[in-house]
Amino acid sequence: MCKEEKEIKQPIQTIGVLTSGGDAPGMNAAIRAVVRTALSKGLNVWGIRRGYHGLLREELFPMNWRDVSDIIQRGGTILQTARSKQMRTEEGQLKAAGVLKKYGIQGLVVIGGDGSFAGAQKLSQYGINVIGVPGTIDLDIACTEYTIGFDTAANTAMEAIDKIRDTSTSHDRCSVVEVMGRDAGYLALWCGIANGAERVLLPEQHGYDEQAIIDDIIENRARGKKHYIIINAEGVGDSINMAKRIEEATGVETRASILGHMQRGGSPTVKDRVYASVMGSKAVDLLVEGKTNRVVGYKHGEYLDFDINEALKMHKEIPEYEVDLARKL
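About the thresholds
- Residues numbered from 1 in each chain as written.
- Predicted model: local features only at pLDDT ≥ 70, side-chain atom pairs only at ≥ 80, totals over all residues.
- Heavy atoms only, no water.
- Helix = DSSP H or I, 4+ residues; strand = E, 2+ residues; numbered from the N terminus.
- Rg over C-alpha atoms; globule rule 2.2 N^0.38 Å.
- Buried < 20%, exposed > 50% of the residue type's maximum accessible area, 1.4 Å probe, protein only.
- Contact = heavy atoms within 4.5 Å.
- Lys, Arg positive; Asp, Glu negative; His and termini not counted.
- Charge placed at Lys NZ, Arg CZ, Asp CG, Glu CD.
- Pairing = 2+ DSSP bridges.
- Axes fitted to C-alpha atoms, helices over the stretch in contact; angles between N-to-C directions.
- Parallel < 35°, antiparallel > 145°, perpendicular 65-115°, else oblique.
- Left-handed = near helix turned anticlockwise from the far one by under 90°.
- Salt bridge = Lys/Arg side-chain N within 4 Å of Asp/Glu carboxyl O.
- Phe/Tyr/Trp six-rings, centres within 6.5 Å; stacked < 30°, edge-to-face > 60°.
- Polar contact = N/O pair within 3.5 Å; in protein donor to acceptor, adjacent residues only side chain to side chain.
- 1 Å grid on protein atoms, 1.4 Å probe; cavity = no way out; pocket = protein on both sides within 12 Å on 5 of 7 lines; lining within 4 Å.
- Points joined across faces, edges and corners; volume = space filled by probe spheres on them.

Colleague: Could you give an account of the overall build of the chain, with specific residues and numbers?
Modeller: The number of helices and strands found in the chain is eleven helices and 13 strands. A compact globule built from 329 residues would reach a C-alpha radius of gyration of about 20 Å, and the chain, at 22 Å, matches this within 12%. In terms of overall dimensions, the chain has a C-alpha envelope of 70 × 40 × 35 Å along the principal axes. For the chain, with 329 residues in total, the buried portion stands at 54%. When contacts within the chain are restricted to residue pairs at least 6 apart in sequence, long-range pairs at least 24 apart make up 75% of them. Side-chain charges of the chain comprise 41 positive and 44 negative groups, with the mean position of each set lying 6 Å from the other.

In structure tokens:
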């Protein structure tokens, strides 16, 4: 454990749970685990709708076993989510802490990405006991090897790209397929390998050689190749214009497909359901053990916890071996 790890002085009796930022498949499994683990330990649980936005508006309600029945297989989040500009201000943070204290909430479980954890970090400075659970399809939280929602999103994108390849082959097309991930290229990289894409464009590579892609398309067409798939990360973007430029330079019909928010939806995979359940339960265990200001993570086959301040400072590198593998294959 880190030297900076903080401990709760008084035993936890009441906790709150919210989902914040972008939704991710598996969030409902995490909510379910938080609620049922807490209730099994004799705690009271408050659900907070619409993330920090709902917290500031006092959209809280007591949760019981029935509230989380039949949700583990559902995508999205039953608590809903939203982004809150007010929570980025000192005034908003003080108000949020005040609302939690008003309802007697001693511990808060925040399910979301690094932006959500930044909000939790601020609340901890105002005396709120917080535990973060990583829920984001971007896989961009450095302290953990896995984030809830990534597996489902990757499978959703993979299936869509398989279908695009079918029609691309039928029409002798080049297809530029844009996947989500903000400034992280993990979804693009995984899909590039899984779908056998000819090119994968990642924001971590800081630019790409478009002329080299054009030359490769022309060479492959001369050899009789009937399709060409480019996986483009959201952080690179410009897929529509890229497709236009490629078509003009090669004479090959080129289409751009932006998969967009379909990647956030759908029933979570077994991996997302199980990881989310363990992480959600672990968050409650940490609060009961007297731990606070922590983020639950998964590393080297184990579920661990990290100081939230240290977790937000960590930097995550994209695996170069996998990048090279995508090029080779």
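Colleague: Please set out the environment of H300 residue by residue, giving values where relevant.
Modeller: Counting through the fold element by element, H300 comes out in the loop between β12 (294-299) and β13 (302-307). When its relative accessible area of 68% is taken as the criterion, H300 is described as exposed. Along the sequence, H300 and S170 sit 130 residues apart, while their C-alpha atoms lie 43 Å from each other.

Colleague: Give a detailed account of the sheet that holds strand β6 (residues 129-134), specifying residues and quantitative values.
Modeller: If you walk across this open sheet you meet the seven strands as β4-β3-β2-β5-β6-β12-β13, and the pairing is mixed. Each edge of the open sheet is held by one strand with a lone partner, namely β4 (60-62) and β13. Ignoring strand direction, the axes of neighbouring strands in this sheet form an average angle of 25°. Direction of pairing for β6 relative to β12: parallel, over a ladder of two bridges. Within β12, the position partnered with I131 by the bridge is R294. Packed on one face of the sheet, helix α9 (residues 270-288) meets β2 (14-19), β5 (107-112), β6, β12 and β13 and runs near 140° to β12.

Colleague: Can you lay out the packing of helix α7 (residues 210-222) against helix α8 (residues 239-250) for me, pointing to particular residues and giving the numbers?
Modeller: Across the interface, α7 lies against α8 with an axial gap of 10 Å and an inter-helix angle of 50°. Of the possible angle classes, the one that applies to α7 and α8 is oblique. Here the hand of the crossing between α7 and α8 comes out right-handed. Listed contacts from α8 to E210, I213, I214, I217 and I218 of α7 are M242, R245, I246, A249 and T250.

Colleague: Give a description of the pattern of salt bridges that names residues and reports values.
Modeller: Across all of its chains, the model carries 15 salt bridges by this definition. The partner of K41 in a salt bridge is D285, and the shortest N-O contact between them spans 3.3 Å. You can see K41 sitting in the loop between α1 (27-40) and β3 (44-48) and its partner D285 sitting in helix α9, a full 244 residues away along the chain. Judged by its relative accessible area of 23%, D285 is partly exposed. Between D324 and R327 there is a salt bridge whose closest N-O contact spans 2.6 Å. Of the two residues, D324 and R327 both sit in helix α11 (residues 320-328), three residues apart, roughly one turn of that helix.

Colleague: Tell me about the environment of G76, and please be specific about residues and values.
Modeller: Along the chain, the position of G76 falls in the loop between β4 and α3 (90-102). Separated by ten residues in the primary sequence, G76 and Q86 place their C-alpha atoms 24 Å from one another. With residues near it in sequence (within four places) discarded, G76 still touches D23, A24, M27 and N28.

Colleague: Before we move on, could you go through the packing of aromatic side chains and cite the residues and values that matter?
Modeller: Tallying each qualifying case throughout the model produces six aromatic pairs. Note on Y146 and Y275: the rings are 4.8 Å apart at their centroids and 65° apart in plane angle, and the pair reads as edge-to-face. Taken together, the residues Y146 in the loop between β6 and α5 (150-170) and Y275 in helix α9 connect sequence positions 129 residues apart. Taking the centre distance of 5.8 Å and the plane angle of 70° together, the rings of Y275 and Y303 count as edge-to-face. Placement of Y275 in helix α9 and of Y303 in strand β13 is noted, with a sequence separation of 28 residues between them. Taking the relative accessible area as the measure of exposure, Y275 reaches 15% and is therefore buried. Exposure remark for Y303: the relative accessible area of 24% places this residue in the partly exposed category. One aromatic cluster in this structure is built from Y146, Y275, Y298 and Y303.

Colleague: Which residues make up the side chain of N195, and what values go with them?
Modeller: Positionally, N195 belongs in the loop between α6 (186-194) and β8 (199-201). A polar contact of 2.9 Å, which involves the side chain of N195, links it to the backbone oxygen of M158. In this view, N195 contacts M158, I161, D162 and R165; residues no more than four positions away in its chain are not counted.

Colleague: I'd love a proper account of the layout of surface pockets, names of residues and values included.
Modeller: Empty space within the largest pocket amounts to approximately 450 Å³. Lining the largest pocket are 26 residues, and of these S20, G21, R83, G115 and S116 lie nearest its centre. Looking at the lining of the largest pocket, the elements with two or more residues in it are α2 (51-56) and α4 (114-124). Tallying contributions element by element places α4 first for the lining of the largest pocket, with six residues.

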